[in-house]
Amino acid sequence: MSPIHRINPAELSPPAGFSHAVTATGSQLVFLAGQTALDQRGDIVGGTLPEQFATALTNLLGALRAAGGAPADLARVTVYATDVADYRANAAELGRIWRRLAGRDYPAMAVIGAVRLWDEQALVEIDGVAVLP
């Protein structure tokens, strides 16, 4: 049985790409540092938000796997975007990228606008918390 349970009350608007609430009863928390579209050399790759989102999410999931987890173990994810309007305009494509890389077990999630990120070329950063059984 999964230690994570997603809750989406009928009285709230239907969630699209996130869960309204997540309960977790696992034995180990994994705090995932913010990941951007850095490659192994430490260079930002991808010139568009969807390209950078795919790399940042791949990096986040790689760190999670190294800690012994899987995408379904994500309880909370925060996305920091330097252009929220661009994020909204690309929401359908970002959703497809999420489903391809992480599946349909959506964590509680927030998207926050940021003036800039640590790496000036970064358009998006993703961090999270996972709960392992």
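Residue positions within a chain follow its written sequence, with the count starting from 1. Two thresholds apply to this predicted model, a pLDDT of at least 70 for residue-level local features and 80 or more for giving and counting side-chain atom pairs, whereas whole-chain, interface and lining totals are computed over all residues. Excluded from the side-chain calculations are hydrogens and water; all other atoms, namely the structure's heavy atoms, are used.

**Overview of the layout of surface pockets**
- Space inside and on the surface of the protein is sampled on a 1 Å grid over the protein atoms alone, with a cavity defined as a set of points where a 1.4 Å probe fits but cannot get out and a pocket as an open set with protein on both sides within 12 Å along at least 5 of 7 lines; lining residues have an atom within 4 Å of a point. Grid points are joined across faces, edges and corners, and a volume is the space filled by probe spheres set on the points. Put simply, the largest pocket is a space of about 450 Å³.
- As for the largest pocket, its lining consists of 16 residues, of which A16, G17, Y87, M109 and V111 are closest to the centre.
- In this description a helix means any DSSP run of H or I spanning at least four residues, a strand means any run of E spanning at least two, and both kinds are numbered starting from the N terminus. Breaking the lining of the largest pocket down by element, the ones donating at least two residues are α2 (84-89), α3 (91-102) and β5 (108-113).
- The leading source of residues in the lining of the largest pocket is α3, at five residues.

**Some words on helix α1 (residues 49-66)**
- End to end, α1 covers 25 Å across 18 residues, agreeing with the expected 26 Å (1.5 Å per residue, within 8%).
- Inspection of α1 places L49, P50, Q52, F53, A54, A56, L57, L60, L61 and L64 among the buried residues, and these make up the whole buried set.
- Should any heavy atoms of two residues lie within 4.5 Å, those residues are counted as being in contact. Residues of α1 that are buried make contact with β3 (28-35), β4 (74-81), α2, α3 and β6 (124-132). One fewer than the residue count of a helix, multiplied by 1.5 Å, yields its expected span. Buried, partly exposed and exposed residues are distinguished by accessible area as a fraction of the type maximum, computed with a 1.4 Å probe on protein chains only: under 20%, between the cut-offs, and over 50%, respectively.

**Here's the deal with the pattern of salt bridges**
- Each reported salt bridge corresponds to a side-chain nitrogen of Lys or Arg within 4 Å of a carboxyl oxygen of Asp or Glu. Following the criterion strictly, the structure yields three salt bridges and no others.
- The salt bridge involving D43 is made with R41; its shortest N-O contact spans 3.3 Å.
- You can call R41 exposed: its relative accessible area is 68%.
- One salt bridge in this structure joins R116 and E120, with 4.0 Å as the shortest N-O distance.

**Some remarks on the sheet that holds β6**
- A sheet is described by the order of its strands in space; here four strands give the open sequence β3-β6-β4-β5, paired in mixed fashion. A strand with exactly one partner marks an edge of an open sheet, and here the two such strands are β3 and β5. Between one strand axis and the next, the sheet turns through 10° on average, direction left out of account.
- Criterion used throughout: strands pair if DSSP finds at least two bridges between them. Taken together, the six bridges between β4 and β5 define a ladder with parallel strand orientation. When the sheet's bridge partners are listed, T78 is paired in β5 with A110.
- Axes here mean lines fitted to C-alpha atoms, for a helix over just the part in contact, with angles spanning 0 to 180 degrees between N-to-C directions. Running at roughly 30° to β6, α1 makes contact with β3, β4 and β6 of the sheet.

**Description of the nonpolar core**
- We define a nonpolar core as any set of buried Ala, Val, Leu, Ile, Met, Phe, Trp, Tyr and Cys residues linked to one another through side-chain atoms lying within 4.5 Å. Within the largest apolar cluster, 24 residues are counted, with the highest numbers of intra-cluster contacts made by F53, L74, W98 and I126.
- Among the secondary structure elements, those contributing two or more residues to this core are β3, α1, β4, α3 and β6.
- The element contributing the most residues to this core is α1, with eight residues.
- Setting aside residues up to four positions removed in sequence, I126 forms contacts with A33, G34, Q35, F53, A56, L57, L60, V77, T78 and V79.

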